Amino acid sequence: MQEIISNSATRRHENFIQVVQSYYQLTKPRIILLLLITTSAGMWLAAKGEVDPLLLVITLVSGALASGSANTINCIYDSDIDYIMERTRWRPIPSGRVKPRHALFFAIALAVISFSLLTVFANLLAAVLAMLGIAFYVVIYTHWLKRNSVQNIVIGGAAGAIPPLVGWAAVTGDLSWAAWLLFLIIFLWTPPHFWALAIMIRDEYKEVGVPMLPVIAGDEPTAKQIWVYSLIMVPFTLMLVYPLHTSGIVYAAIAVGLGAIFIKKAWQLLQSPEDQKVARSLFKYSILYMMMLCTGMVIDSLPVTHQVVTALGDNLHSLMNNAVVIVSSIYNG
Ligand code: HEM
Ligand SMILES: CC(C)=CCC/C(C)=C/CC/C(C)=C/COP(=O)(O)OP(=O)(O)O
């Protein structure tokens, strides 16, 4: 008897864990991580390297809830095509683990908690921007453009560029030129990020009738577009240094190094647009690139980095002065 009770308790426990895992998967957590890294970059730049830790935690939690809500609604809306595509068939709704109605309640709850937290602990602008992100992703991208326009991810990509605006607004209560530049960098990064992947899974999108660029135009024009967006994006990443003076020399070095590799990979794809290996390499690198670029912004903004750079500059300056004195004394006999 006791064994039966303990077996059913174990089963209830396992069921509970499976339910929690299914709801967690609905939020597409791996994508949220990078969205939070871009939010953090916005916060650190806005706070000039000194972010209030409580505000940071609350903004990141709220950002994760808002993005989770947007991704869950996307999973509900797209469950018909997710059921057909190999890559997405295992998702909680097409695989029958979560009912769409329950997922919708979950998404609404996440959005309400996110909006409340941001309004109370940050400000109304940050809260409204997060809700705008959800609305743009769900209405403009998922509902309107994804199945109807070849430019779906270019315009729809603006949703994914909103998180750094949320981060900036949470710190300052407004949006400066630098905040909009962060938005633009992610906006320009999205087409190379996504189209590299779309070249790899073109046939799946074709099967479900989603008009992604490689399906409609082919791999070669897609590689050309990726090349153009990459060439435009990299110089824009440097505008944080000049003319905006928001970031300094450390970020500049990181952005140039990372950007050079990005352009090299986009060039390789331009040379062999049908090479899945090259496309995969660019897709994977695009994620690493955005992580490292944002980390570079954060490191550059820290007061300790300023101290090290200033000390190195001073040392270099006195070294140069000494060298001039020595050379001129040798020259004068
Ligand atoms: C319209 C814009 C975008 C589209 C259409 C798009 C599409 C995709 C797709 C289809 C995947 C593969 C996901 C999977 O295998 O389930 C992916 C992966 C990923 N995306 Fe994007 N993406 C977009 C924007 C963004 C943005 C703005 C970010 C973050 C800043 C981002 C971060 C990621 C990450 C981190 C992954 C890898 C997830 C993993 O490890 O499985 N994406 N993206
Ligand atoms: C501020 C805020 C909350 C902004 C929302 C940002 C957000 C959730 C961006 C998601 C971008 C993304 C992963 C698109 C893929 O959708 P897809 O439908 O093409 O991907 P799939 O084929 O894998 O389902």
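For clarity, every value in this text was computed on a predicted model and none was experimentally measured. (Residues numbered from 1 in each chain as written. Chains lettered and ligands numbered in written order. Predicted model: local features only at pLDDT ≥ 70, side-chain atom pairs only at ≥ 80, totals over all residues. Heavy atoms only, no water.)

**Side note on the confidence of the model for the protein chain**
Operational definition: Every residue carries a pLDDT, the predictor's confidence in it, which falls somewhere between 0 and 100.
Overall, the predicted model of the protein chain reaches an average pLDDT of 96, with 99% of residues at or above 70. Here the predicted complex carries an ipTM of 0.96, next to a pTM of 0.95.

**Thoughts on the coordination of the iron atom of ligand 1**
We count it as follows: Counted as donors are the N, O and S atoms within 2.8 Å of the metal, or 3.2 Å for Na, K and Ca, while water is not among the atoms, so some sites may look incomplete. The secondary structure listing takes helices from DSSP runs of H or I that are at least 4 residues long and strands from runs of E that are at least 2 residues long, numbered from the N terminus.
Counting protein donors to the iron atom of ligand 1 gives just one, His193 (NE2), placed at 2.2 Å. Mapped onto the elements, His193 comes out in helix α9 (residues 177-200).

**Structural notes on the site of ligand 2**
For clarity, the cut-off: Think of it this way: one heavy atom of a residue within 4 Å of a molecule or strand is enough to make that residue near it. Whenever a nitrogen or oxygen atom comes within 3.5 Å of another N or O atom, the pair is scored as a polar contact, on the condition that within protein one atom can donate a hydrogen and the other can accept it, and that pairs from neighbouring residues in sequence are kept only if both atoms are in side chains. Areas reported here follow the Shrake-Rupley algorithm with a probe of radius 1.4 Å; residue values treat only the protein chains shown as occluding. Each residue receives one of three labels: charged for Asp, Glu, Lys and Arg, nonpolar for Ala, Val, Leu, Ile, Met, Phe, Trp, Tyr, Cys and Pro, and polar for the others, Gly being one of them.
Around ligand 2 lies a shell of 19 residues, among which Arg87, Arg91, Tyr137, Tyr141 and Lys146 are the nearest. Residue Asn74 places a side-chain N or O atom 3.0 Å away from an oxygen atom belonging to ligand 2. Tyr141 is positioned such that a nitrogen or oxygen atom in its side chain is 2.6 Å from an oxygen atom of ligand 2. About the coverage of ligand 2: the protein hides 89% of its 640 Å² of free accessible area. For the shell around ligand 2, the secondary-structure elements that each account for two or more residues are α2 (29-46), α3 (53-77) and α6 (124-145). By residue class, the composition of the shell around ligand 2 is 10 nonpolar, 4 polar and 5 charged.

**As for the site of ligand 1**
In the vicinity of ligand 1 lie 18 residues, with Arg30, Arg87, Arg91, His193 and Phe194 positioned nearest. Between Arg91 and ligand 1, the recorded distance is 3.3 Å, taken from a side-chain N or O atom to an oxygen atom. Of all elements in the fold, only α2, α9 and α14 (276-301) reach the threshold of two or more residues within the shell around ligand 1. Among the elements that take part in the shell around ligand 1, α9 stands out by supplying 5 residues, more than any other. Residues of the shell around ligand 1, tallied by class, amount to 11 nonpolar, 4 polar and 3 charged.

**Points about the nonpolar core**
Keep this limit in mind: Nonpolar core, defined: a set of buried Ala, Val, Leu, Ile, Met, Phe, Trp, Tyr and Cys residues in which side-chain atoms within 4.5 Å join the residues together. Remark: exposure states derive from per-residue accessible area (1.4 Å probe, protein chains only) relative to the maximum for the residue type, with buried under 20%, exposed over 50%, and partly exposed in between. Whether two residues are in contact is decided by their heavy atoms, any of which lying within 4.5 Å being enough.
Ranked by internal contacts, the top residues of the largest apolar core, which has 74 residues, are Trp195, Leu240 and Tyr289. Examining the composition of this core, we find that 16 residues originate from one element, α9, more than from any other. Residues within four places of Leu240 in sequence aside, it is in contact with Leu45, Ala178, Leu181, Leu182, Ile185, His245, Thr246, Ser247, Tyr251 and Met297. Core analysis: the second largest hydrophobic core is formed by 7 residues, Ala47, Leu55, Leu56 and Val298 among them.

**Points about the side chain of Asn71**
Along the chain, Asn71 turns up in helix α3. With near-sequence residues (within four places) excluded, Asn71 lies in contact with Leu26, Thr27, Lys28, Ile32 and Tyr137.

**Points about the layout of surface pockets**
Heads up, the rule is: Method remark: on a 1 Å grid restricted to protein atoms, a set of points is classed as a cavity if a 1.4 Å probe fits but cannot get out and as a pocket if it is open with protein on both sides within 12 Å along at least five of seven lines; lining residues have an atom within 4 Å of a point. Grid points are joined across faces, edges and corners, and a volume is the space filled by probe spheres set on the points.
Here the second largest pocket defines a volume of roughly 290 Å³. His245, Thr246, Ser247, Asp300 and His306 are, among the 19 residues lining the second largest pocket, the residues nearest its centre. Those elements that provide at least two residues to the lining of the second largest pocket are α2, α13 (249-271), α14 and α15 (303-331). Counting residues per element, the lining of the second largest pocket draws most heavily on α15, which supplies 4 residues. Partitioning the lining of the second largest pocket into residue classes produces 8 nonpolar, 9 polar and 2 charged.

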